[in-house]
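# Summary of the model geometry
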Amino acid sequence: MFRSRRAGLVRRLWRQRCAAAAPEDGPGTLKLAAHALFKKLKDEELELLVQVVESQGAWESSCVWAPRGAKQGLPPQVLVCRLFRWPDLHHSQELKHLCYCAGGCGDLAALCCNPHHFSRLAVPETPPPPYSKASCGPSWPDESQDPDTQLLEFSYSSGDWRDTSLSWSTIKDGCWCKLAYWEHRTRVGRLYAVHEASVSVFCELPWGSGFCLAQLPAAHRSHAVRRARGKIGRGLLLSREPGGIWAYNRSEHPIFVSSPTLSPPGACRVTVLKVLPGYSAKVFDYEWARGKGGWRLPGEGPCDPHSICISFAKGWGPCYSRQFITSCPCWLEVLLNRLC
């Protein structure tokens, strides 16, 4: 590549950096480190990095490989993520490789420095004083289910609990989960079966594939639902990984997640985890769920111990005015195959 073209790509990258800088970044320090990294990249890697950064990760791209070299102030992945996504990032332990990144293996001769192949790890917040206290309701007995019986998933509709079972036909066809999209108490569209290791759920995702909520019927939507749907955007990435299920928030607004394995043992309140844009959270832990019986949400009713609820943009629970998931305008129910 001609030197003038390469220099132009570096200038384009530098213009895309986050405006804010961390307090410890002295004048010119970050620029020197960034330009030293860009110099190590091959021409095709530099071009790919420019495309990824300028598109803000709107499409699923391949890894941008940087050679492993002598120890420096910041690892390459931390440097690019601080430059283009999170100026307050400090350590690689705060990052998680996304499921489609090939750089997650530690023994490779090169490191992936594609900033959109990483997410930050979500941690539970210290909750504010709750609007109201939910009392503990009776729970199901912790009896193990007969493995020869069908898997039950209870969903709320018109005041009655109904069975939307994951039958053995679902298990045999290789489906590890099904997705149900809800607007308040009404389920919209059919169940979406997931066979791949990951699935995108979105309204607007350029070149996206997966569960597109924009294609679902739009009859009689309230203003609150339309407003919440407008915030889904690129939505989320749901992935099945060793040990559990992860959710990566690709949208520009928080998502709120609840599952039996997010609540501490013996909890009488539902635990709702707020996942900020660009963050990931392990939303279901297989080991923790093993041998756990059914559970009951205070004021709501019984729930399958192998399901996850995800609300777009609106939280619920003891710390919010919306006490129940069915009060949220747009939410997703993930019905897991118990044998996955």
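Let me sum up the structure you'll find in this document. Residue numbers run consecutively from 1 along every chain, following the written order of its sequence. Only residues with pLDDT of at least 70 get local features here, since the model is predicted, and only at 80 or more are side-chain atom pairs given and counted; chain-wide, interface and lining totals rely on the full set of residues. Excluded from the side-chain calculation are hydrogens and water; included are all heavy atoms of the structure.

Now for the layout of surface pockets. Roughly 650 Å³ of volume is contained in the largest pocket. Think of it this way: any DSSP run of H or I at least four residues long counts as a helix, any run of E at least two long counts as a strand, and we number them from the N terminus. Residue assignment for the lining of the largest pocket shows that the elements contributing at least two residues are α3 (43-55) and β12 (244-249). Cavities and pockets are defined on a 1 Å grid built over the protein atoms alone: a cavity is a set of grid points where a 1.4 Å probe fits but cannot escape, while a pocket is an open set with protein on both sides within 12 Å along at least five of seven lines, and lining residues are those with an atom within 4 Å of any such point. Grid points are joined across faces, edges and corners, and a volume is the space filled by probe spheres set on the points.

Right, let's talk about the nonpolar core for a bit. Here the nonpolar core consists of buried residues drawn from Ala, Val, Leu, Ile, Met, Phe, Trp, Tyr and Cys, with membership extended through side-chain atoms lying within 4.5 Å. Burial classes: relative accessible area under 20% of the type maximum marks a residue as buried, over 50% as exposed, and values in between as partly exposed (1.4 Å probe, protein chains only). By size, the foremost hydrophobic cluster in this structure holds 43 residues, and its most contacted members are Leu 179 and Leu 238. Per-element tally for this core: the top contributor is strand β15 (residues 279-285), with four residues. Residue contacts for Leu 238: discarding those within four places in its chain leaves Trp 176, Leu 179, Ala 197, Ser 198, Val 199, Ile 245, Trp 246, Ala 247, Ile 310 and Val 334. Phe 38, Val 52, Ala 66 and Val 80 belong to the second largest nonpolar core, which has 22 residues in total. Any two residues whose heavy atoms approach within 4.5 Å at even a single point are treated as in contact.

Attention shifts here to the sheet that holds strand β2 (residues 95-97). In a beta sheet, neighbouring strands pair by backbone hydrogen bonds and run either parallel or antiparallel. Strand pairing is assigned whenever DSSP identifies at least 2 bridges connecting the two strands. Here seven strands make up an open sheet; going across it, the order is β2-β4-β15-β12-β11-β9-β10 and the pairing mixed. For this open sheet the edge positions go to β2 and β10 (210-212), each flanked by a neighbour on one side alone. Strand-to-strand, the axes of this sheet are offset by a mean angle of 30°, without reference to chain direction. Summarising the sheet, β2 and strand β4 (residues 118-121) pair through three bridges and their orientation is antiparallel. By the bridge assignment, Leu 95 is partnered in β4 with Arg 120. Fitting a line to C-alpha atoms yields each axis, with helices limited to the stretch in contact; the angle taken between N-to-C directions then spans 0 to 180 degrees.

Next up on the list: the pattern of salt bridges. Should a side-chain nitrogen of Lys or Arg be within 4 Å of a carboxyl oxygen of Asp or Glu, the pair is scored as a salt bridge. A complete count under the given rule lists nine salt bridges for this structure. Where Arg 221 meets Glu 183, a salt bridge forms, and the shortest distance between an N and an O atom there is 2.6 Å. One end of the pair, Arg 221, is in the loop between β10 and α6 (223-229); the other, Glu 183, is in strand β7 (residues 177-183), and 38 residues separate them in sequence. The residues Arg 221 and Glu 183 share a single accessibility class, namely buried. Through salt bridges with shared partners, a single ionic network connects Asp 88, Glu 94 and Arg 120.

The next thing to look at is unusual backbone geometry. Despite not being glycine, His 184 has its phi angle at roughly 55°, a positive value. Within the element layout of this structure, His 184 appears in the loop between β7 and β8 (186-194). Its identity as a non-glycine residue notwithstanding, Ala 313 has a phi of 75°, on the positive side. If you trace the backbone, Ala 313 turns up in the loop between β18 (307-312) and β19 (331-336).

Burial analysis of helix α4 (residues 76-84) places nine of its nine residues in the buried class, which makes it a mostly covered element. Those residues of α4 lying buried are Pro 76, Gln 77, Val 78, Leu 79, Val 80, Cys 81, Arg 82, Leu 83 and Phe 84. Those residues of α4 that are buried lie in contact with α1 (3-15), α2 (29-40), α3, β2, β3 (110-112) and β4.

The subject of this paragraph is the sheet that holds β7. Spatially, β8-β7-β19-β18-β13-β14 is the arrangement adopted by the six strands of the open sheet, whose pairing is antiparallel. The strands lining the two open edges of the sheet, one partner per strand, are β8 and β14 (273-275). This sheet shows a mean twist of 20° between the axes of neighbouring strands, independent of strand direction. In terms of strand pairing, β7 meets β8 through six bridges, oriented antiparallel.

It is worth spelling out the packing of aromatic side chains at this point. Here the distance between the centres and the angle between the planes together describe a pair of aromatic rings. Side-chain rings of Phe, Tyr and Trp, where Trp is taken by its six-membered ring, are said to pair if the distance between their centres is within 6.5 Å; with planes under 30 degrees apart they count as stacked, over 60 as edge-to-face, and otherwise as tilted. Overall, the coordinates contain four aromatic pairs when judged by the stated rule. Measuring from ring centre to ring centre gives 4.8 Å for Tyr 192 and Phe 211, while their planes differ by 15°; the resulting arrangement is stacked. In this pair, Tyr 192 sits in strand β8 while Phe 211 sits in strand β10, placing the two residues 19 residues apart along the sequence. Its relative accessible area of 28% is what places Tyr 192 among the partly exposed residues. What makes Phe 211 buried here is its relative accessible area of 5%. When the centroid spacing of 6.0 Å and the interplanar angle of 65° are considered together, the rings of Phe 284 and Tyr 286 count as edge-to-face. Directly above the ring of Trp 246 sits Lys 96, whose terminal nitrogen or CZ lies 4.7 Å from the centroid. By definition here, charges over rings are those cases where NZ of Lys or CZ of Arg is within 6 Å of the ring centre and within 35 degrees of the ring normal.

Moving on, we get to the pairing of strand β13 (residues 255-258). Residues Ile 255 and Val 257 line one face of β13 and the alternating positions Phe 256 and Ser 258 line the opposite face, and both faces are buried. Relative to β14, β13 runs antiparallel, the two being bridged by three bridges. Along β14, the bridge assignment pairs Val 257 with Leu 273. Judged from the four bridges that link them, β13 and β18 form a sheet pairing that is antiparallel. Bridge assignment links Ile 255 to a residue of β18, and that residue is Phe 312.

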